[in-house]
Amino acid sequence: MSDLERIRKFPDKTRTALAYLDEPIIICDLKGTLIYLNPRGEEIFGLDYKLSIGRHLKELLPFAVSQEVLRGLDKIKLSRKTERILISENDRLYFAQLNPILQKGQVCGAIVCLRRETEEEKIQRLNQALFQNLLDEIYRPINQLTVLFSRELEDQAEYEKLYQNSQSLVKKSIQALNDLIDVSPVLIGEIKLAKNRFPPSR
């Protein structure tokens, strides 16, 4: 019996269990030929089980997903260990786990679990990125101020220039803080920052 035939028999033992999983499950050989697909995988990727079996993953999955899964197959062929991959496709993340199928100590295929990022997880991720960007905008001018005031100045003209630069940096920090307050209800839900905005720098 060939390795491919052995893999094809594998899902028969666990088909019922895989059918009830709420995450897409794919079983394929090392070349990327689809051998099994559970109902959730059909739903998520818009596939038909009977029409998909025997076709290559490149024909069935989003481009970035198929490419990363194929790279993962190359890795587990050598390592013979579970491989976890984070995949980005059209602003959506997929969490892939590839579990090797071993025959006589050699990898002949993989069980691939592909969990798609939920809408809630996506919103949380984008909010965290927005929050971090705002923090960067706040700390950047503060760090620049620290550098400016650490310098030794020789005359009054330099002090005046330093003062003007510091005022510009302070205004940028205040604007960034106000932006943070504006988006705080979105970022932290029920918890809201104080309504009093920072007064503009004069």
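Rules used throughout
- Residues numbered from 1 in each chain as written.
- Predicted model: local features only at pLDDT ≥ 70, side-chain atom pairs only at ≥ 80, totals over all residues.
- Heavy atoms only, no water.
- Pairing = 2+ DSSP bridges.
- Helix = DSSP H or I, 4+ residues; strand = E, 2+ residues; numbered from the N terminus.
- Axes fitted to C-alpha atoms, helices over the stretch in contact; angles between N-to-C directions.
- Contact = heavy atoms within 4.5 Å.
- Phe/Tyr/Trp six-rings, centres within 6.5 Å; stacked < 30°, edge-to-face > 60°.
- Buried < 20%, exposed > 50% of the residue type's maximum accessible area, 1.4 Å probe, protein only.
- Core = buried A, V, L, I, M, F, W, Y, C linked by side-chain atoms within 4.5 Å.
- Salt bridge = Lys/Arg side-chain N within 4 Å of Asp/Glu carboxyl O.

Q: Go over the sheet that holds strand 2 (residues 34–37) with me, naming the residues and quoting the values.
A: The 5 strands are arranged 2-1-5-4-3 in an open sheet whose pairing can be described as antiparallel. Strand pairing shows two members of the sheet lacking a second neighbour, strand 2 and strand 3 (83–89), which therefore form its edges. Neighbour-to-neighbour, the strand axes of this sheet turn through a mean angle of 25°, independent of strand direction. Where strand 3 lies against strand 4 (residues 92–103), 7 bridges are found, and the strand directions are antiparallel. In the sheet register, Ser88 faces strand 4, and the bridge partner there is Leu93. Along the sheet, helix 5 (residues 63–79) makes contact with strand 1 (25–29), strand 3, strand 4 and strand 5 (106–116), crossing strand 3 at roughly 165°.

Q: Run through the packing of aromatic side chains, naming residues and quoting values.
A: All told, the structure shown has 2 aromatic pairs when counted by the stated rule. Relative to Tyr49, the ring of Tyr36 lies with its centre 6.0 Å away and its plane at 70°, an arrangement referred to as edge-to-face. With Tyr36 in strand 2 and Tyr49 in helix 3 (residues 49–52), the pair connects residues that are 13 residues apart, well separated along the chain. Using a relative accessible area of 2% as the deciding quantity, one classes Tyr36 as buried. Where Phe45 meets Tyr94, the ring centres are 6.0 Å apart and the plane angle is 20°; that geometry is what we call stacked. Within this pair, whereas Phe45 is found in helix 2 (residues 39–45), its partner Tyr94 is found in strand 4, the two being separated by 49 residues in sequence. Judged on exposure class, the residue Phe45 and its partner Tyr94 are both buried.

Q: Lay out the nonpolar core with the relevant residues and their values.
A: If you look at the biggest cluster of nonpolar residues, it comprises 26 residues, and the most contacted ones within it are Ile26, Val69, Ile87, Leu98, Val112 and Leu114. Listed by contribution, the elements that provide at least two residues to this core are strand 1, strand 2, helix 2, helix 4 (57–60), helix 5, strand 3, strand 4 and strand 5. If one sorts the elements of this core by residue count, helix 5 sits on top with 6 residues. For Val112, the residues in contact, after removing those within four places along its chain, are Pro24, Ile25, Ile26, Cys28, Val69, Gln97 and Leu98. Ile27, Tyr36, Cys108 and Cys113 belong to the second-largest nonpolar core, a separate cluster that totals 8 residues.

Q: Describe the pattern of salt bridges, and please don't skip the residues or the numbers.
A: Per the stated rule, a full pass over the model turns up 5 salt bridges. Of the charged contacts, one joins Glu68 and Arg71 as a salt bridge, the two residues approaching to 2.6 Å between their closest N and O atoms. In this pair, Glu68 and Arg71 are both assigned in helix 5, 3 residues apart and thus about one turn of the helix distant. The partly exposed category is assigned to Arg71, whose relative accessible area is 43%. When the shortest N-O distance is used, the salt bridge between Lys75 and Glu83 registers 3.8 Å. For Lys75, a relative accessible area of 48% translates into the label partly exposed. Members of the salt-bridge network, linked through shared partners, are Asp22, Arg40 and Glu43.

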